[in-house]
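# What the coordinates show
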Amino acid sequence: MIIARTKKELNRYLKLVRKANKTIGFVPTMGALHKGHLSLIKCSDNENNFTLVSIFVNPTQFNNPDDLKKYPGNETEDLDLLLRESCDIVFIPDVDEMYPEDDKRIFDFDGIDKVMEGKFRKGHFNGVAQIVSKLFEIVRPNKAYFGRKDFQQVAIINYLNKTYLPDLGIDIISCDIIREGDGLAMSSRNRLLSVSERKSAGLISKILTKYGRKFSGYSVEELRNRIAEEINLDKNLEVEYIDIVDDESLQTVSEIIPGKTTICAAVYDGNVRLIDNIAIT
Ligand code: PAF
């Protein structure tokens, strides 16, 4: 596995890969790798000749400096994991390498950035777009892989790719959420949970599944309230939002259409903010 820390180093390898007409699969991450990331790497390996993983904790997507400070990470552990996976190149730039000057670009996402995560984490998706567009321009992969746990992020990246970067010709592949045994969606943030918080965390997906997997016939408002009330019964959990949205527009629906509607949740477990979603079937 090759480790590149600068764009120049990375380009040297990528030039060879492109010259040999090999396809490149790209898995952007912020490190603290878990089985969710590994499943993206496996998908990329199945569909491409080369798999490139980036590890970069992007400061511009954190609206809360404390959250950035606490974001978990351990490069040695990540590299150990990647060595055992089919990762060919890992790109680990530092902040100066990715932002030699302030990125002042403001992206317009036609409203899909204004709801849910966008409402509670101001500027988050603009920061995601800044870094993902930079990485896409550098790596120019054939396919890029993202987990559906970040349901809204996938929509934003699809929009970014289609609207701002059509010439790169990248296919965005969204992959299934990988869950722990009790249903908790895998996330780097799970490492921050105490033992008691970790126990509570499993309830989030259990409650979402209970209401999403078998369409209950509740109205949108009833469904939202019931889910929030059940989650809030746990002493560690506090709902930030539950939204029931159209899969395409990401706007709150007035009527639930199974197969086209998703329940999205952001929940504080102690001080750790967790997100999850489940399609209503
Ligand atoms: O999902 C993430 O880990 C990040 O938002 C991403 C896509 C790597 C951009 O920093």
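Scroll up a little and you will see the structure.
Now for a description of the structure that goes with this document. (Residues numbered from 1 in each chain as written. Predicted model: local features only at pLDDT ≥ 70, side-chain atom pairs only at ≥ 80, totals over all residues. Heavy atoms only, no water.)

## Some points on the sheet that holds strand S4 (residues 89-91)
How we decide: DSSP calls a pair of strands paired once it identifies at least 2 bridges connecting them. Note on conventions: DSSP H or I runs of at least 4 residues are helices, E runs of at least 2 residues are strands, and numbering of each starts at the N terminus. Between N-to-C directions, angles span 0 to 180 degrees; the directions come from axes that are lines fitted to C-alpha atoms, helices contributing only their stretch in contact. Throughout, a contact is declared for two residues whenever any of their heavy atoms are within 4.5 Å.
With parallel pairing, six strands are arranged side by side in an open sheet as S1-S4-S3-S2-S5-S6. Edge positions in the open sheet fall to strand S1 (2-4) and strand S6 (171-175), since each of these has one partner strand only. On average, adjacent strands in this sheet sit at an angle of 25 degrees to one another, irrespective of strand direction. Direction of pairing for strand S5 (residues 143-147) relative to S6: parallel, over a ladder of five bridges. From the neighbouring strand, Phe-146 faces S6, where its bridge partner is Ser-174. Most of the contacts of helix H1 (residues 7-19) go to S4, to which it runs at about 150 degrees, and overall it touches S1, strand S2 (24-29), strand S3 (50-55) and S4. Sheet contacts for helix H7 (residues 124-139): S2, S3, S4, S5 and S6; angle to S2, the most-contacted strand, approximately 155 degrees.

## A few points about the site of the ligand
Operational definition: The cutoff for a nearby residue is simple: one of its non-hydrogen atoms must lie within 4 Å of the molecule or strand. Residues adjacent in sequence count toward polar contacts only when both atoms are side-chain atoms; beyond that, a polar contact is any pair of N or O atoms within 3.5 Å, and within protein one must be able to donate a hydrogen and the other to accept it. In this description, accessible areas are obtained by the Shrake-Rupley approach with a 1.4 Å probe, and a residue is regarded as covered only by the protein chains that are shown.
Neighbouring the ligand are the residues Pro-28, Thr-29, Met-30, Asn-58, Gln-61, Ile-131, Phe-146 and Gln-153. Gln-61 places a side-chain nitrogen or oxygen 2.6 Å from an oxygen atom of the ligand. Interatomic distance of 2.7 Å between a side-chain N/O atom of Gln-153 and an oxygen atom of the ligand. Here the ligand loses 89% of its free accessible area of 290 Å² to cover by the protein chains.

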